[in-house]
Amino acid sequence: MQVQVRGQGARRWITFGAIAFGALFLVVGLVLAGVSVAFLADAERAQGTVVSLEWRSDHNSAARKKRTDDKPVAYPVVEYTSDQGTPRTFRSSTGSNPPSYEVGERVEVLYRADSPDEARINGFASLWLLPLIFGGIGLVIAGIGTAVALAGRRRS
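Along each chain, residues carry numbers from 1 onward, in the same order as the chain's sequence is written. Under the rules for a predicted model, residues below a pLDDT of 70 receive no local features and side-chain atom pairs below 80 are neither given nor counted, while totals for whole chains, interfaces and linings still include all residues. To get the side-chain values, all heavy atoms of the structure are used, and hydrogens and water are removed first.

Details of helix H2 (residues 124-155)
Working step 1: Note on conventions: DSSP H or I runs of at least 4 residues are helices, E runs of at least 2 residues are strands, and numbering of each starts at the N terminus. In this analysis, the expected span of each helix is defined as 1.5 Å times one less than the number of residues it contains. With 32 residues, H2 extends 44 Å from end C-alpha to end C-alpha; this agrees with the ideal 46 Å at 1.5 Å per step.
Working step 2: Considered for burial, the residues of H2 that qualify are Ser126, Leu127, Pro131, Gly135, Gly138, Ala142 and Gly145.
Working step 3: Against the buried residues of H2 lie helix H1 (8-42), strand E4 (106-112) and strand E5 (115-121). Residue exposure (1.4 Å probe, protein chains only): buried if accessible area is under 20% of the type maximum, exposed if over 50%, otherwise partly exposed. Residue contacts follow a heavy-atom distance rule, with two residues in contact if any of their heavy atoms lie within 4.5 Å.

Below, the structure written as structure tokens:
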């Protein structure tokens, strides 16, 4: 006869939820890494110049309260010339404070020939930061859930 300990069912669901949540984040991280790899495989390369830094505070919504330690983030605006000889300008989707780039700095730009406006700076943050964040969070949460599940199995 098996006796169920009080709360054991809830503990199992929480453990399963942690593993599932972690696995979902890990899958999102892998998909984002795949998008970066596919982009790199098809990307054309060009030399660009940081022409300005666009400072933004990303707490414009009314739902998010402004904290005193929130600082604006600098997004580099880069100008480059595509293979067709057309000058292009784009704002990087990755910003930082302190700024990662300075005005006038030369950078390598990656872009697709069929959509040169969707360009990225060839740098770690713009290509790999999101996949690593999602994948890392997923690994940690799924790992903790798995460790708790294995520890629970050993006890019973």
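What about the environment of glutamate 54?
Working step 1: Here glutamate 54 lies in strand E1 (residues 44-56).
Working step 2: For glutamate 54, a relative accessible area of 30% puts it in the partly exposed group.
Working step 3: Dropping the residues within four chain positions of it, glutamate 54 is found in contact with Val73, Ala74, Tyr75, Val77 and Arg91.
Working step 4: Nitrogen and oxygen atoms within 3.5 Å of one another constitute a polar contact, given that in protein one can donate a hydrogen and the other can accept it, and given that sequence-neighbouring residues count only through two side-chain atoms. Here arginine 91 takes part through its side chain, which lies 3.3 Å from a polar atom of the side chain of glutamate 54.

Quick notes on the pairing of E5
One face of the sheet, then the other: side chains in a regular strand alternate in exactly this way.
Working step 1: Pairing of E4 with E5, which is carried by 3 bridges, proceeds in the antiparallel orientation. Counterpart to valine 109 in the pairing with E5 is isoleucine 121.
Working step 2: Between any two strands, pairing holds if DSSP finds at least two bridges. Hairpin connection, E4 to E5: the antiparallel pair is bridged by 2 residues.

Describing the sheet that holds E1
Working step 1: An order of E3-E2-E1-E4-E5 is seen for the 5 strands of this open sheet, with the pairing classed as antiparallel. Edge positions in the open sheet fall to strand E3 (87-91) and E5, since each of these has one partner strand only. Neighbour to neighbour, the strand axes of the sheet diverge by 40 degrees on average, direction disregarded.
Working step 2: Inspection of the sheet shows strand E2 (residues 73-81) paired to E3 by 5 bridges, in the antiparallel sense. Bridge pairing in E3 links threonine 81 to proline 87.
Working step 3: Axes here refer to lines fitted to C-alpha atoms; in helices the fit is confined to the stretch in contact. Angles between the N-to-C directions go from 0 to 180 degrees. Taken strand by strand, H1 contacts E1, E4 and E5, and its axis lies near 95 degrees from that of E4.

Concerning the side chain of serine 82
Working step 1: With respect to the helices, strands and loops of the structure, serine 82 is situated in the loop between E2 and E3.
Working step 2: Overall, serine 82 belongs to the buried group, its relative accessible area being 4%.

Re the environment of asparagine 97
Working step 1: In this structure, asparagine 97 sits in the loop between E3 and E4.
Working step 2: The exposure class assigned to asparagine 97 is partly exposed, which follows from its relative accessible area of 38%.
Working step 3: The spacing of asparagine 97 and valine 73 is 24 residues in sequence and 5.1 Å in space, taken between C-alpha atoms.
Working step 4: Residue contacts for asparagine 97: discarding those within four places in its chain leaves Trp55, Lys71, Pro72 and Val73.
Working step 5: Here the side chain of asparagine 97 touches proline 72 through a polar contact of 2.8 Å, landing on its backbone oxygen.

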